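Descriptive analysis of the structure
If you want the building blocks of each chain, they are given just below.
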Amino acid sequence: MVDASTNEKFSGATRYVLDDELASIVNISMALEMPLLLKGEPGTGKTMLAHAIAESLEMPLIVLNVKSSMKLVDALYQYDTLTRLNDSRFGDSSRDVSNIEDYIRMGKIGQAFTAMSRTVLLIDEIDKADSDFQDDMLDVLDQMEFDIIEIDKTVKARHRPVMIITSNAKKDLSDPFLGRCNFHHIAFPEPVMMREIIGVHFPGLDAELIENAIGTFYNLRDVDAVEKRPATRELINWIRALKADPDFKPERLAEGEVPFLGVLFKKSQDYRRAAQYIERRRVL
Amino acid sequence: MFIDFFYTLKDVGVPVSPTSFLTLHKALRTGLINTLSDFYTSSRAILVKSERYFDLFDQVFAHHFQGAELPDYTGVEFDEIARALLEYWLKEPEALADAMGIDESELNKLSPEELIEYFKERLREQTEAHHGGDRWIGTGGTSPVGHSGYHPGGMRVGGVSRNKSAVKVAMDRRYKDYSLSGPLTQAMMGEALKRLRNMVPVGPQDQINIDATLYQTMKNGGEIEIVFDRSLKDRLKVILAIDNGGYSMDPYVMVVQTLFDYSRAQFKDLKTYFFHNTIYSTLWEDPARFKKPQYIEELVRFGRETRFIVVGDASMAPYELMAADGSIHLEERSGRPSIECLKFLAKTFPHAVWLNPITSGMWGYTQTINVIREIFPMFELSIDGLEKAVAHLMTK
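Just so you know, these numbers come straight off a predicted model, no measurement behind them.

Moving on to the overall build of chain B. Along chain B, the regular secondary structure elements total 15 helices and nine strands. A total of 396 residues make up chain B; the buried ones form 45% of that total. Relative to all contacts within chain B whose residues are 6 or more apart in sequence, the contacts with residues 24 or more apart total 63%. Summing over all exposed atoms, chain B offers an accessible surface of approximately 20,300 Å²; the carbon and sulfur share of this is 54%.

Put into structure tokens, the structure is as follows:
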């Protein structure tokens, strides 16, 4: 298992531009078999990283989207009492009613543990859930096993999954939890990096369009007092929108015009501010 | 290996743990770390758990591996005081020159930069902590220069202008933004707050009540009848009002920050307001107590079930509490004495407590604390006091 992990190294994927720093952190986390906790502005590719790792290492990806009401048990397994009740009443299924195990279904973490090959497990936006969720998860992370109380059975991980955990920093995570993870903060990409990212997403895109779009984009990111600044995701969607518009010409960006502003700014107040800013610049 | 590095990190205040240090060594043995930059990225990922400390880590790393100077953190405080002195100097050169025992014309010759340097030098000469003297800069002295001079006659650095009485702190917009995270050290605090919950069934009936379902099914002679419940959710509303002004609260910043952190994580429905010394007709949503006022009459809409928690030292000049125009802030002139406002709040929210960071043994010595204790049940802002406060808040 250890050999497998050290031999395989992550070096980027077809749709993901990886900086060296992040690459070495991913590799170290895989070698240490520790979860990697990623923080960063929304839309900087935290979630995409897990997809990219799965693709490049050719491992199946299991995504656990954390919801605010989620309990850890939901992520581990589910005991389907209703089906069992139904079966005991009508008895027309192939399941054995007296065998509870037939009614246990694995949750996402359970699936990752019981998978036949090593998987990439993405726990997305862990900060959405209560702090109990993290606390309960400590044991599971440490031991790489959990108990199914109903049948008193311990599920051990066949292969330690490559775990990527993302957080939007809505809440601080607890210290013991952080202690078990490696940490990286994805900074917002520099324009040079951004050009590469756009290049990967839109191969063969007109150079003038790329230059003008990125220039306008970074300008707009500097607009003051904006609550949610546009990130990589918005830029990609915006360029997609620009490409789809047959009337659009790159020169129009250079002239200070910004079509589809709503793709970049999604809060009405931000939108208004950005629109004012553009208006002012055009007048000047 | 790298033990010095580890301890330097610890000394400058990056929260590092021994376990993570061992993990780093495990990482070194994997053979994946071959260059200094590999070591940089992986040691940062393993040791540092928040981007808040990245900058500090960078500095220590540069210091340790490249021989860069570690910034002198004690210098920052000097800078701030010196700058405040400069501001003061610009407004009232005579008073300052007099207090420092130097000739005003001497200082006049200096440029602002030189002045700052000069002030810093004088500050360094003062080697001992200096509280309550009458000559030089310290906290709570009677010298006109420095933090919170003797109340009626004293002035505050940057505080006096526009020919208003020296008692009024009109210019003083000093504040601490407690909402910036503080160190999460006292996990006990979270434990104490956890008990403050009010579980009520809300939302659609989508939770299957298995016991009731089985019972009904048996009653029906095996014919399945599924019973649904609403799910239980914590719907406790909490209003937290924090005294974030004034130097008297400064020593308690850490503990209040911790309280704030935990309550933010704990309560779904938390409103935080700020005030200075005591509450008049408004509370403030922004820590600077400037932009977003909240009239206390409007708090009624939160309902009587809301838990109202005040954090403050409740120590002030008695007239601030009793007089109709008692506020030390000029713009606060509602004509209603603060004590009336406090009584109104206590009546509006039967579940209210006042948390006081001052140890309870000292309460008897401050008149305003005794008065406020009559209105709000007061508890010490300690784990013990917090537990008692929570118990009090949960009584029906």
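What follows picks up the thread again.
Our focus in this paragraph is the overall build of chain A. A count of helical and extended segments in chain A gives 14 helices and nine strands. Per-residue burial for chain A yields a buried fraction of 48% across its 284 residues. Look at the contacts in chain A between residues 6 or more apart in sequence, and 75% of them connect residues 24 or more apart. Accessible surface for chain A amounts to roughly 13,800 Å². Of this, 48% is attributable to carbon and sulfur atoms.

Residues and elements named next belong to chain A. Read across the open sheet, the five strands follow the order β2-β5-β8-β1-β9; overall the sheet is parallel. If you trace the sheet from one side to the other, it starts and ends with β2 (61-65) and β9 (182-186), each paired once. With strand direction ignored, the average angle separating the axes of adjacent strands in the sheet is 20°. In terms of strand pairing, strand β1 (residues 36-40) meets β9 through five bridges, oriented parallel. Along β9, the bridge assignment pairs Leu 37 with Phe 183. With respect to the sheet, helix α3 (residues 46-57) is in contact with β1, β2, β5 (120-124), β8 (162-167) and β9, its orientation differing from that of β5 by roughly 170°.

Across chain A, pLDDT averages 83, with 94% of residues at or above 70. In the model, residues 1-7 of chain A has pLDDT below 50 throughout and makes nine contacts with residues more than four positions away in sequence or in other chains.

A few words on the environment of Phe 379 of chain B. Residues and elements named next belong to chain B. Structurally, the position occupied by Phe 379 is in strand β9 (residues 378-380). A C-alpha to C-alpha distance of 9.7 Å links Phe 379 and Val 311, two positions 68 residues apart in sequence. Beyond its immediate sequence surroundings of up to four residues, Phe 379 is in contact with Val 353, Trp 354, Leu 355, Asn 356, Trp 363, Gly 385, Lys 388, Ala 389 and His 392.

Next up on the list: the interface of chain B and chain A. Counting from both sides, the interface comprises 34 residues of chain B and, opposite them, 30 residues of chain A. Note on chain B versus chain A: buried area summed over both sides is about 2,700 Å², and carbon and sulfur give 63% of it. Of all residues in chain B, Leu 32, Lys 49 and Ile 224 of chain B give up the largest surface area on contact with chain A, accounting jointly for 22% of the area buried on that side. Applying the counting criterion to the chain B and chain A interface returns two salt bridges. Close ionic contact of Glu 21 of chain A with Arg 44 of chain B constitutes a salt bridge, the shortest N to O distance being 3.2 Å. Applying the counting criterion to the chain B and chain A interface returns seven residue pairs in polar contact (both at pLDDT 80 or more). Going through the elements one at a time, α2 (18-29), α3 (36-47) and α10 (210-219) of chain B are the ones with two or more residues in the side of chain B that touches chain A. It is α3 of chain B that provides the largest number of residues to the side of chain B that touches chain A, a total of seven residues. Taken together, the residues of the side of chain B that touches chain A sort by class into 15 nonpolar, nine polar and 10 charged.

Quick look at the packing of helix α13 (residues 338-348) of chain B against helix α14 (residues 367-375) of chain B now. Residue and element names in this part refer to chain B. Relative to each other, α13 and α14 sit at 30°, their axes nearing to 9 Å. Put simply, α13 runs roughly parallel to α14. Along this stretch, α13 crosses α14, giving a crossing that reads as right-handed. In contact with Ile 339, Leu 342, Lys 343 and Ala 346 of α13, α14 contributes Val 371, Ile 372 and Ile 375. When its residues are assigned to classes, the contact of α13 with α14 shows six nonpolar, no polar and one charged.

Moving on, we come to the pattern of salt bridges. Residues and elements named next belong to chain A. One pass over the structure, following the stated rule, counts 12 salt bridges over all chains. The salt bridge involving Lys 153 is made with Glu 101; its shortest N-O contact spans 2.7 Å. Of the two residues, Lys 153 is situated in strand β7 (residues 153-156) and Glu 101 in the loop between α5 (81-90) and β4 (104-106); the sequence distance between them amounts to 52 residues. Overall, Lys 153 belongs to the partly exposed group, its relative accessible area being 35%. Take Glu 101: its relative accessible area is 36%, and that puts it in the partly exposed class. For Glu 234, the salt bridge goes to Lys 266, with nearest N and O atoms at 2.9 Å. With Glu 234 in helix α11 (residues 232-244) and Lys 266 in the loop between α13 (261-264) and α14 (268-283), this pair connects stretches of sequence that are 32 residues apart. A residue is classified by how much of its surface remains accessible, and Glu 234, at 4% relative accessible area, is buried.

This part covers the nonpolar core. Residues and elements named next belong to chain A. Of all hydrophobic cores here, the largest spans 58 residues; its most connected members are Ile 109, Ile 123, Phe 133, Met 137 and Phe 177. Beyond its immediate chain neighbours, meaning those up to four positions away, Phe 133 contacts Leu 64, Val 66, Met 70, Lys 71, Leu 72 and Ile 126. The next biggest cluster of nonpolar side chains, apart from the first, holds 32 residues, and it includes Met 193, Val 223, Phe 248 and Phe 265.

Okay, the pairing of β8 of chain A next. Residue and element names in this part refer to chain A. Here β8 lies mainly inside the structure; six of its six residues are buried. Residues of β8 alternate between two faces, with Val 162, Ile 164 and Thr 166 on one and Met 163, Ile 165 and Ser 167 on the opposite face, all of them buried. The sheet contact formed by β1 and β8 spans four bridges and is parallel. Within β8, the position partnered with Lys 39 by the bridge is Ser 167. Of the strand pairs in this sheet, β5 and β8 are connected by four bridges, and their pairing is parallel. Paired with Leu 121 across the two strands is Met 163, which belongs to β8.

All names here are of chain A. Taken together, the side chains of Asp 206, Glu 208, Glu 251 and Glu 255 define an acidic patch exposed on the protein surface. By the secondary structure assignment, Asp 206 is in the loop between α9 (191-201) and α10 (207-221). For Asp 206, a relative accessible area of 41% corresponds to the partly exposed category.

This next bit is on α10 of chain B. The N-terminus of α10 of chain B is capped by Asn 209 of chain B, whose side-chain oxygen sits 3.4 Å from the backbone nitrogen of Asp 211 of chain B. Backbone geometry just downstream of α10 of chain B places Gly 221 of chain B in the positive-phi region, at approximately 70°.

The subject of this paragraph is the side chain of Thr 83 of chain A. With respect to the helices and strands, Thr 83 of chain A occurs in helix α5. Residue class for Thr 83 of chain A comes out buried when judged on its relative accessible area of 19%.

The rules behind these values
Residues numbered from 1 in each chain as written. Chains lettered and ligands numbered in written order. Predicted model: local features only at pLDDT ≥ 70, side-chain atom pairs only at ≥ 80, totals over all residues. Heavy atoms only, no water. Helix = DSSP H or I, 4+ residues; strand = E, 2+ residues; numbered from the N terminus. Buried < 20%, exposed > 50% of the residue type's maximum accessible area, 1.4 Å probe, protein only. Contact = heavy atoms within 4.5 Å. Areas by Shrake-Rupley, 256 points an atom, 1.4 Å probe, with all protein chains shown as cover. Pairing = 2+ DSSP bridges. Axes fitted to C-alpha atoms, helices over the stretch in contact; angles between N-to-C directions. pLDDT = per-residue confidence, 0-100. Buried area = accessible area lost by both parts, 1.4 Å probe. Salt bridge = Lys/Arg side-chain N within 4 Å of Asp/Glu carboxyl O. Polar contact = N/O pair within 3.5 Å; in protein donor to acceptor, adjacent residues only side chain to side chain. Nonpolar A, V, L, I, M, F, W, Y, C, P; charged D, E, K, R; others polar. Parallel < 35°, antiparallel > 145°, perpendicular 65-115°, else oblique. Left-handed = near helix turned anticlockwise from the far one by under 90°. Core = buried A, V, L, I, M, F, W, Y, C linked by side-chain atoms within 4.5 Å. Patch = residues over 30% accessible without salt bridge, like charges linked within 9 Å, V, L, I, M, F, W, Y side chains within 5 Å. Lys, Arg positive; Asp, Glu negative; His and termini not counted. Charge placed at Lys NZ, Arg CZ, Asp CG, Glu CD.

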